Amino acid sequence: MKTLKFLIILLWILFSKSYDAYCTYLHTPDLSKEANPLVSVLGLNWFWLLIVIGSLTIYTCYTLYLISFKPIKLYPLEKGYSFSNFIGYMYLGKKSSWLGIFYRFPKDIKRFHYFFGNLFVRYLVFAGIISTVMWILINNSEFYKDIHNAFFIYGILISGVSIIMYQYYKTNYKKYQSQSIL
């Protein structure tokens, strides 16, 4: 079952990222209409865009493998951590406020891979759903073409990622609170 879940998620990530790149190329071969900040803000061309997106996708697939087949516990051993301190501990491996994830780096690179891997996998699955639905609508619906805009799509993505992140932390915090310490 673990292998099947891994393969389904892996294939979805690879399919949805490939489909997004393919449709983007068909829609804007010169990237003049591309809203991705890597292109619209940083000015990346196709080569560098694919290198960056491909590298992040490969890294996420690697972390999917780790969390699927070589899981580690990111929870503190002692009880009584606040929600904020729990998030900080999951990332840093020591008691810290959740704000530490924005300006600190864990001493253990393995912890970094597992922490971000758990989140990035969820983000790419969600973003893949949004981009696939978006491209299907762009390619098959005159109505959607008229209302489609980057602000709308990025609003959905940012809102969804925020909800995913909060739910991930909340679910793990509840598991931490219910676990018995040996």
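Structure: above.
The shown structure was predicted, so the numbers you read here are calculated from the model rather than taken from an experiment. (Residues numbered from 1 in each chain as written. Predicted model: local features only at pLDDT ≥ 70, side-chain atom pairs only at ≥ 80, totals over all residues. Heavy atoms only, no water.)

**Re the overall build of the protein**
Counting its secondary structure elements, the protein contains 8 helices and 0 strands. When the elements of the protein are put in sequence order from the N terminus, they spell out α-α-α-α-α-α-α-α. Summarising its shape, the C-alpha atoms of the protein cover approximately 60 × 35 × 30 Å along the three principal directions. A burial count over the protein gives 39% of its 182 residues as buried. Across the protein, the fraction of contacts at a sequence separation of at least 24, relative to all contacts at a separation of at least 6, is 64%. Carbon and sulfur atoms provide 68% of the accessible area of the protein, an area that totals close to 11200 Å². (Helix = DSSP H or I, 4+ residues; strand = E, 2+ residues; numbered from the N terminus. Buried < 20%, exposed > 50% of the residue type's maximum accessible area, 1.4 Å probe, protein only. Contact = heavy atoms within 4.5 Å. Areas by Shrake-Rupley, 256 points an atom, 1.4 Å probe, with all protein chains shown as cover.)

**As for the nonpolar core**
Core analysis: the biggest nonpolar cluster contains 32 residues, and Phe86, Tyr91, Phe115 and Tyr169 have the highest contact counts within it. Leaving out residues up to four positions away in the same chain, Tyr91 has contacts with Gly100, Ile101, Arg104, Phe105, Pro106, Arg111, Phe112, Phe115 and Phe116. Judged by nonpolar contacts, the second largest core, of 8 residues, contains Phe6, Cys61, Leu64 and Leu124. (Core = buried A, V, L, I, M, F, W, Y, C linked by side-chain atoms within 4.5 Å.)

**As for the layout of surface pockets**
Considered as a void within the structure, the largest pocket measures approximately 1300 Å³ in volume. As for the largest pocket, its lining consists of 42 residues, and the residues nearest its centre are Lys17, Asp20, Asn36, Ile53 and Tyr154. Among the elements that line the lining of the largest pocket, the one with the most residues is helix H6 (residues 109-140), at 10 residues. Considered class by class, the residues forming the lining of the largest pocket number 24 nonpolar, 13 polar and 5 charged. Taken together, 22 residues make up the lining of the second largest pocket; nearest its centre are Lys5, Ile67, Ser68, Asn118 and Arg122. Listing elements by their share of the lining of the second largest pocket, those giving two or more residues are helix H1 (2-27), helix H3 (46-69), H6 and helix H8 (150-178). Per-class residue counts for the lining of the second largest pocket are 13 nonpolar, 4 polar and 5 charged. (1 Å grid on protein atoms, 1.4 Å probe; cavity = no way out; pocket = protein on both sides within 12 Å on 5 of 7 lines; lining within 4 Å. Points joined across faces, edges and corners; volume = space filled by probe spheres on them. Nonpolar A, V, L, I, M, F, W, Y, C, P; charged D, E, K, R; others polar.)

**Concerning the packing of H1 against H6**
Interaxial distance between H1 and H6 falls to 9 Å at its minimum, and their mutual angle equals 40°. For the element pair H1 / H6, the angle class is oblique. Regarding H1 and H6, the two cross each other, and that crossing is left-handed. Here H1 contributes Ile9, Trp12, Ile13, Ser16, Lys17, Tyr19, Asp20, Cys23, Thr24 and His27 to the contact with H6, which in turn contributes Val121, Leu124, Val125, Gly128, Ile129, Ser131, Thr132, Trp135, Ile136 and Asn139. Residues of the contact of H1 with H6, tallied by class, amount to 11 nonpolar, 7 polar and 2 charged. (Axes fitted to C-alpha atoms, helices over the stretch in contact; angles between N-to-C directions. Parallel < 35°, antiparallel > 145°, perpendicular 65-115°, else oblique. Left-handed = near helix turned anticlockwise from the far one by under 90°.)

**With respect to the environment of Asn85**
Relative to the elements of secondary structure, Asn85 occurs in helix H4 (residues 83-92). With 60 residues separating them along the chain, Asn85 and Lys145 place their C-alpha atoms 45 Å apart. When sequence neighbours within four positions are dropped, the list of residues in contact with Asn85 reads Lys95, Ser96 and Ser97.

**Here we look at a positive patch on the surface**
A surface patch of positive charge is lined by Lys5, Lys73, Arg122 and Lys175. Relative to the assigned elements, Lys5 resides in helix H1. (Patch = residues over 30% accessible without salt bridge, like charges linked within 9 Å, V, L, I, M, F, W, Y side chains within 5 Å. Salt bridge = Lys/Arg side-chain N within 4 Å of Asp/Glu carboxyl O. Lys, Arg positive; Asp, Glu negative; His and termini not counted. Charge placed at Lys NZ, Arg CZ, Asp CG, Glu CD.)

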